[in-house]
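Here is what each chain is made of, one letter per residue.
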Amino acid sequence: SFVCHDHTSVRKPLHLPRSLKRADQVDGKVVEASQQQPRQQLAAIAISGSGLRAVPPSILFCGEWLQHLDLSHNRLESIPLDVARLNRLKWLNLSVNYLSSLPEGLDRLSELEDLNLDANNFVEVPLPVTRLPRLKSLSVRFICIRKVPPDLARLAHVLETLRMDGNHPSLL
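Thoughts on the overall build of the protein
When helices and strands are tallied, the protein shows zero helices and 10 strands. Starting at the N terminus, the α and β elements of the protein follow one another as β-β-β-β-β-β-β-β-β-β. Counting the 172 residues in the protein, one finds 45% classified as buried. Nonlocal contacts in the protein, meaning residues at least 24 apart in sequence, comprise 31% of its contacts between residues at least 6 apart.

A few points about the environment of Asn167
With respect to the helices and strands, the residue Asn167 is situated in the segment after β10 (161-163). Asn167 sits 20 residues away from Lys147 along the chain, and the two C-alpha atoms are 9.7 Å apart. Here the side chain of Asn167 touches Val140 through a polar contact of 2.7 Å, landing on its backbone oxygen. Among the polar contacts listed, one links the side chain of Asn167 to the backbone oxygen of Met164, at a separation of 2.6 Å.

What to know about the confidence of the model for the protein
Across the protein, the average pLDDT comes to 79, with 74% of residues at 70 or higher. Overall, residues 1-22 carries pLDDT values under 50, and its contacts beyond four positions in sequence, including any with other chains, amount to 69 contacts. Every residue in residues 24-39 is under pLDDT 50, and counting partners more than four places away or in other chains gives 47 contacts.

Let's talk about unusual backbone geometry
If you check the backbone angles, His73 has positive phi at about 55 degrees while not being a glycine. Assignment of secondary structure puts His73 in the loop between β6 (68-70) and β7 (91-93). Take His73: its relative accessible area is 44%, and that puts it in the partly exposed class.

Structural notes on the environment of Asp70
Among the structural elements, Asp70 can be located in strand β6. Along the chain, Asp70 and Asn116 lie 46 residues apart, while their C-alpha atoms are 9.4 Å from each other. Other than its neighbours up to four places away in sequence, Asp70 contacts Ile45, Ala46, Ile47, Ser48, Trp91 and Asn93.

Concerning the pattern of salt bridges
Oppositely charged side chains may form a pair once their charged atoms are brought near each other. Here the structure, examined in full by the defined rule, presents six salt bridges. Residue Glu104 is joined to Arg131 by a salt bridge in which the shortest nitrogen-to-oxygen separation is 2.9 Å. Pair noted here: Glu104 is in the loop between β7 and β8 (114-116) and Arg131 is in the loop between β8 and β9 (137-139), with a separation of 27 residues, a long-range link. By sharing partners, the salt bridges in this structure join Asp118, Arg141 and Asp165 into a single network.

Observations regarding the pairing of strand β5 (residues 44-47)
The alternating pattern of β5 places Ala44 and Ala46 and Ile45 and Ile47 on opposite faces, both of which are buried. Where β5 meets β6, three bridges bridge the pair, whose relative direction is parallel. Paired with Ala46 across the two strands is Asp70, which belongs to β6.

Conventions adopted
Residues numbered from 1 in each chain as written. Predicted model: local features only at pLDDT ≥ 70, side-chain atom pairs only at ≥ 80, totals over all residues. Heavy atoms only, no water. Helix = DSSP H or I, 4+ residues; strand = E, 2+ residues; numbered from the N terminus. Buried < 20%, exposed > 50% of the residue type's maximum accessible area, 1.4 Å probe, protein only. Contact = heavy atoms within 4.5 Å. Polar contact = N/O pair within 3.5 Å; in protein donor to acceptor, adjacent residues only side chain to side chain. pLDDT = per-residue confidence, 0-100. Salt bridge = Lys/Arg side-chain N within 4 Å of Asp/Glu carboxyl O. Pairing = 2+ DSSP bridges.

Quick look at the structure:
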C-alpha cells in the first residue's frame, strides 16, 4: 500500500486509500481525497502548512504519475536530489519555506511548467531553475534576490510568466 509519512510532531505514517487521484494534507490529516482512479494514477499531493522539515521519502516514489506537488508553508531547508525522480511533475510549489539552494539535478524535471519559490532564503534565482526546458511560469517573489543569473535568458523562448515583485528595486 502507498504510505505518505507525516513528519509533523507526531511522526506517524499517513496511509492513503488504495484508489486515489488527489490527496491534500493539512496539519497531518488528509483533508481532500478524490478516489476516481487507481493509486498508480495519483496526480497531486499537497502537504502545505504541516511543519515539514524534510520531503517525505514516500513522495519520491510517485515519479511515474505525480504531476502536482505542493510543499508550501513548511520548514524545508533543502530539497533532496531524489526529487528529480518525479519526472512527470508539471507544477511544484515550494513557497514559504527556508530554502537557500536547489539541487543541481533539478533540471531533470523535464516536464515542469510551473515553479513557485516565493518567500524563501534565496539571494539569486537558483541556477538549476534556468535549465528547466519547459518552464512556463516562475515565481520568485519576496526572496530578496539581488541578482538574476544571465542563464535565465535560456528560458526566454518558453517562459510566459515571471513574477519577481517584492525583491531588490534594481531588478524591477
